[in-house]
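This is what each chain is made of:
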Amino acid sequence: MCDTCGCNITPGNEKLVEPGGHLHTTSHGTESVEVLKGLLDANDRAAQHNRTHFDRHGTLAINLMSSPGAGKTALLEATIDALGADTKIAVIEGDLATENDAARIRERGVTAIQIATGSACHLDAHMVHTALHELDLDGVDVLFIENVGNLVCPASFDLGQHLNVTLVSTPEGHDKPAKYPVMFRAADLVLISKSDLIDVLGDFDPAVAEGCVRDLASAAPVFRLSARSGDGMDIWLDWLAASRERRPDKTA
Ligand code: MG
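The shown structure was predicted, so the numbers you read here are calculated from the model rather than taken from an experiment. (Residues numbered from 1 in each chain as written. Predicted model: local features only at pLDDT ≥ 70, side-chain atom pairs only at ≥ 80, totals over all residues. Heavy atoms only, no water.)

Undergrad: I tried to follow the environment of Ala242 on my own but got confused; where do I start?
TA: In this fold, Ala242 is placed in helix H11 (residues 233–245). With 90 residues separating them in the primary sequence, Ala242 and Val152 have C-alpha atoms 28 Å apart. (Helix = DSSP H or I, 4+ residues; strand = E, 2+ residues; numbered from the N terminus.)

Undergrad: Which parts of the structure should I look at to understand helix H6 (residues 125–132)?
TA: Because each turn of an α-helix spans 3.6 residues, side chains separated by three or four positions in sequence point in the same direction. Along H6, 6 of the 8 residues are buried, which leaves the element largely enclosed by surrounding structure. All of the buried residues in H6 are Ala125, His126, Met127, Val128, Ala131 and Leu132. The N-capping residue of H6, defined by a side-chain oxygen 3.1 Å from the backbone nitrogen of His126, is Asp124. (Buried < 20%, exposed > 50% of the residue type's maximum accessible area, 1.4 Å probe, protein only. Polar contact = N/O pair within 3.5 Å; in protein donor to acceptor, adjacent residues only side chain to side chain.)

Undergrad: Please clarify how the side chain of Ser67 should be interpreted in this entry.
TA: Tracing the sequence through the fold places Ser67 in the loop between strand E1 (60–65) and helix H4 (72–83). The buried category is assigned to Ser67, whose relative accessible area is 11%. Reaching out from Ser67, the side chain makes a polar contact with the side chain of Glu172 at a distance of 2.5 Å. Non-local contacts of Ser67, meaning those with residues more than four positions away in its chain, are made with Lys72, Gly149, Asn150, Leu151 and Glu172. (Contact = heavy atoms within 4.5 Å.)

Undergrad: Whenever I open this one, the coordination of the magnesium ion confuses me. Can you help?
TA: Octahedral metal centres with six donors ideally show angles of 90 or 180 degrees, and tetrahedral centres with four donors ideally show 109.5 degrees. At 2.1 Å from the magnesium ion lie its protein donor atoms, namely Thr73 (OG1), Asp101 (OD) and Glu146 (OE). Positions of the donor residues of the magnesium ion, expressed as sequence spacing, correspond to T-x27-D-x44-E. Residue Asp101 is found in helix H5 (residues 100–106), and its partner Glu146 is found in strand E4 (residues 142–146); the two are separated by 45 residues along the sequence. (Donors = N, O, S within 2.8 Å, 3.2 Å for Na, K, Ca; no water.)

Undergrad: What's the story with the packing of aromatic side chains in this structure? I'm lost.
TA: Aromatic ring pairs are reported here in terms of the distance separating the ring centres and the angle at which the planes meet. According to the stated counting rule, one finds 2 aromatic pairs in the structure shown. When the ring of Phe144 is compared with that of Trp236, the centres are 6.3 Å apart and the planes differ by 40°; the resulting orientation is tilted. Of the two residues, Phe144 is situated in strand E4 and Trp236 in helix H11; the sequence distance between them amounts to 92 residues. Classification of Phe144 by relative accessible area gives buried; the value is 1%. Under the relative-accessibility criterion, Trp236 is labelled buried at 0%. Each ring, one from Trp236 and one from Trp239, has its centre 5.8 Å from the other, and the planes form 15°; the classification is stacked. Taken as a pair, Trp236 and Trp239 lie in helix H11 at a separation of 3 residues, close to a single helical turn. One aromatic cluster in this structure is built from Phe144, Trp236 and Trp239. (Phe/Tyr/Trp six-rings, centres within 6.5 Å; stacked < 30°, edge-to-face > 60°.)

Undergrad: Sorry, what's going on with the environment of Asp234 here?
TA: Looking at the secondary structure, you find Asp234 in helix H11. Taking the C-alpha atoms as reference points, Asp234 and Thr79, separated by 155 residues in sequence, lie 9.8 Å from one another.

Undergrad: I would appreciate a short explanation of the sheet that holds strand E7 (residues 222–224) in the present structure.
TA: On the basis of which strands lie adjacent, the open sheet formed by 7 strands has the order E3-E2-E4-E1-E5-E6-E7 and parallel pairing. Two strands lie at the open edges of the sheet, namely strand E3 (111–116) and E7, each paired on one side alone. Put simply, the sheet's adjacent strands are angled 20° from each other on average, direction ignored. Strand contacts of H4: E1, strand E2 (89–95), E4, strand E5 (163–169) and strand E6 (189–193), with the helix running at about 170° to E2, the strand carrying the most contacts. Across the sheet, helix H10 (residues 206–215) is in contact with E6 and E7; its angle to E7 comes to roughly 160°. (Pairing = 2+ DSSP bridges. Axes fitted to C-alpha atoms, helices over the stretch in contact; angles between N-to-C directions.)

Okay, structure coming up:
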């Protein structure tokens, strides 16, 4: 995880380790473990703060994770189209650069806040907290947080979400859950996306992909769908509706 790739310090938390920040230290190399632990602890506190904010508004927060290009944004577009005005959705988009994905969501009349992480390969709770300053959650039923495309680091940072949904697209190969166990073990739901390509590609076996998930001792449902054709969207929307039924009540 991010202990080694050096991505723990992000635009969201860098002020904590800069001079004047409460995790700033000087020349003692042995302090690095303490700094890392402090950053993760600070992230968890910020995540809890975010979660309290979601709960207060009765908003279900879902963290969408996958590799780049697996179809997270396309799934959101299809979901928005399918739900129509009955469900109020908001979206936080995470990418290293551009507003491209937020623009796609806004074209559908849905509020979207883009987080440009710079060089950071994941969102953290501080970045989400900052985005929430721009986002009015009043009346929002579901907040989707589309994480940076990456099957490693995003799984290690709590954002305050209630549920994790992880996509594996058919062109990626059916053994991705075996290769990236931390990500798929964290998933509350696994979606096999781009299912319309299964017959075209001929080398993606959904049963193998689900078997890899079960080998992780995960009981998460595994659904296949295609945002392009619409196949399988109904079972995803049913899962979403059931998850909304279980969402926290407003507490204030
Ligand atoms: Mg995207």
